[in-house]
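Residue strings, one per chain:
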Amino acid sequence: MSSFSSGKALQELNIRDLSVGYHGQAVVHDVSFDLTAGQIGCLLGPSGCGKSTLLRAIAGFEAVLSGAISLNGEVISSVDYLLPPEQRQIGMVFQDIALFPHLTIADNIAFGLKGMSSRVVSNRVAELLDLIGLVGYEMRYPHSLSGGQQQRVALARAMAPKPKLLLMDEPFSGLDAKLREELVPDIRQILKHEGMSAILVTHDQMEAFAMADTIAVMESGEIHQYGTPYQIYHRPESRFTARFVGQGDFLSAVVCGHDCLDSDLGRIHGVLSDELAIGTQVDLLVRPDDVIHDDASEFKGLVMSKWFRGSHFLYRVKLASGLVVYCFASSHHNHAIGQEIGINIELDHLVVFSK
Ligand SMILES: Nc1ncnc2c1ncn2[C@@H]1O[C@H](COP(=O)(O)OP(=O)(O)OP(=O)(O)O)[C@@H](O)[C@H]1O
């Protein structure tokens with residue numbers, strides 16, 4: 001275990017050409033990414049895409065089929081080497097909170113601090129209780145805490161020995177939406193305060209956006225894109241990422257210049273790649289906030305369905321071409337299903353995929 005008072009050591013995780021699987025069959029294929037010191041990464045993808053398998057390989061619970069995992073420049077997993085999980089100095093938090101029911105909150109947090117002096121342990125426990133906002137709860141038992149409080153304690157327990165890296169597998173999915181919304185930014189702040197590198201596994205993009213510095217979007221055991229939440233949302237590099245992260249539709253369009261497209265919703269201006277020749281047929285990514293409700297517009301569509309979202313309505317609108325797009329409108333623009341409304345496209349930048 002790293003020294004208690006060593007401060008914020010530089011940690012770096014490197015994953016290189018890694019394949020992991022079961023019974024010799026890979027479910028994670030040839031993935032590579034890095035996590036720098038103090039960075040919070042996220043593995044985001046649909047159920048079964050291999051997020052937990054990749055996380056378990058980093059923790060040392062799964063052997064690797066090819067490639068390597070290094071922590072601080074030291075190889076901890078390769079085809080012919082597997083450093084045991086308990087020697088990796090990696091902490092884990094799971095969906096199943098699994099606090100020890102017969103131990104007090106203080107003893108739960110202190111669980112990984114065996115062998116240290118009682119003064120060091122009590123100082124660290126007090127520091128963590130303060131950090132997770134549960135000062136005064138030290139003598140309580142887990143059953144008397146709410147789900148959110150218990151998850152904070154689980155986090156404190158995992159962080160107590162100052163692991164080199166903290167892995168979190170869907171730690172919030174057992175909590176209700178409101179609690180999750182409050183807890184996730186808090187946990188991010190706690191990790192940042194501790195300067196701790198961490199990886200979160202989730203299939204919830206809002207959770208990923210609220211927690212992560214960098215997101216790996218996964219599908220079928222592969223990483224489609226590794227980037228900041230902003231890059232993932234605004235500059236998706238694959239149709240899968242564009243569809244999986246945020247709502248979006250693809251509008252057929254034709255390149256009419258180095259900065260313009262012709263579409264069913266008229267001429268659209270914005271920067272395009274130089275590689276796209278005039279006349280190239282493309283699909284343009286259109287998010288709900290790119291489609292503006294405008295009664296005066298010459299472009300019309302029929303409201304197919306709608307959702308009241310408090311400050312605004314989200315409409316599903318069918319264009320004359322048959323394409324259906326999402327459209328935001330402020331909540332005083334209340335249109336009935338089947339009604340025709342005017343819409344315009346307003347895009348800051350163009351995300352296109354060749355057909
Ligand atoms: N112990 C195992 N033995 C055999 N196959 C497994 C095992 N664990 C997982 N798999 C398979 O590996 C693939 C990836 O599973 P994994 O749990 O890593 O996905 P995930 O993205 O974490 O999914 P979820 O979000 O549902 O937890 C799936 O097809 C799954 O059925």
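Residues numbered from 1 in each chain as written. Predicted model: local features only at pLDDT ≥ 70, side-chain atom pairs only at ≥ 80, totals over all residues.

**A short note on the domain arrangement of the protein chain**
Each assigned domain of the protein chain is listed here: domain 1 (13-243) and domain 2 (248-354). Each of domain 1 and domain 2 has a C-alpha centre, and the two are 38 Å apart. Contact residues are listed per partner, giving five residues for domain 1 and four residues for domain 2. Residues belonging to the side of domain 1 that touches domain 2 are distributed by class as follows: two nonpolar, no polar and three charged. (Domains from an automatic or database assignment. Contact = placed C-beta atoms within 7 Å. Nonpolar A, V, L, I, M, F, W, Y, C, P; charged D, E, K, R; others polar.)

**Describing the environment of H234**
Considering the arrangement of structural elements, one finds H234 in helix α7 (residues 229-234). Assessed through the 16 C-beta atoms surrounding it within 10 Å, H234 is described here as partly exposed. For H234 and G246, which are 12 residues apart along the polypeptide, the C-alpha to C-alpha distance reads 9.6 Å. (Helix = DSSP H or I, 4+ residues; strand = E, 2+ residues; numbered from the N terminus. Buried ≥ 20, exposed ≤ 12 C-beta atoms within 10 Å, placed from the backbone.)

**Let's talk about the nonpolar core**
Membership of the largest hydrophobic core comes to 66 residues, with the highest contact counts inside it found for C42 and I199. Top contributing element to this core by residue count: helix α4 (residues 147-159), with six residues. Contact partners of C42, with chain neighbours within four places excluded, come to I199, L200, T202, A208, M211, A212, I215 and A216. The next biggest cluster of nonpolar side chains, apart from the first, holds 25 residues, and it includes L261, L285, A329 and I341. (Core = buried A, V, L, I, M, F, W, Y, C linked by C-beta atoms within 7 Å.)

**Some remarks on unusual backbone geometry**
Of note in the backbone geometry, E170 takes a positive phi value of approximately 45° without being a glycine. Secondary-structure assignment places E170 in the loop between β8 (165-169) and α5 (177-194). Its 19 C-beta neighbours within 10 Å are what place E170 among the partly exposed residues. Even without a glycine there, the phi angle at S220 is positive, about 45°. Its location among the elements puts S220 in the loop between β10 (214-219) and β11 (222-227).

**Brief notes about the environment of S252**
Within the secondary structure, S252 sits in strand β12 (residues 249-257). Along the sequence, S252 and A198 sit 54 residues apart, while their C-alpha atoms lie 40 Å from each other. Leaving out residues up to four positions away in the same chain, S252 has contacts with S263 and D283.

**Regarding the site of the ligand**
Taken together, the residues surrounding the ligand are Y22, V27, G45, S47, G48, C49, G50, K51, S52, T53 and H203. Along the lines of polarity and charge, the residues of the shell around the ligand split into three nonpolar, seven polar and one charged. (Near = placed C-beta within 6 Å.)

**Concerning the environment of A198**
Looking at the secondary structure, you find A198 in strand β9 (residues 198-202). On the basis of neighbour counts, which here come to 28 C-beta atoms within 10 Å, the residue A198 falls in the buried class. The spatial distance from the C-alpha of A198 to the C-alpha of T36 is 9.8 Å, given a sequence separation of 162 residues. Ignoring anything within four residues of it in the chain, the contact list for A198 reads I40, L165, L166, M168 and L191.

**Observations regarding the packing of α4 against α5**
At a minimum axis distance of 11 Å, the contact between α4 and α5 shows a crossing angle of 20°. One element, α4, and the other, α5, form an angle in the roughly parallel class. Note on packing geometry: the crossing formed by α4 with α5 is right-handed. Along the contact surface, α4 presents G147, G148, Q151, L155 and M159, while α5 presents L179, L183, I187, I190 and E194. The class makeup of the residues in the contact of α4 with α5 is six nonpolar, three polar and one charged. (Axes fitted to C-alpha atoms, helices over the stretch in contact; angles between N-to-C directions. Parallel < 35°, antiparallel > 145°, perpendicular 65-115°, else oblique. Left-handed = near helix turned anticlockwise from the far one by under 90°.)

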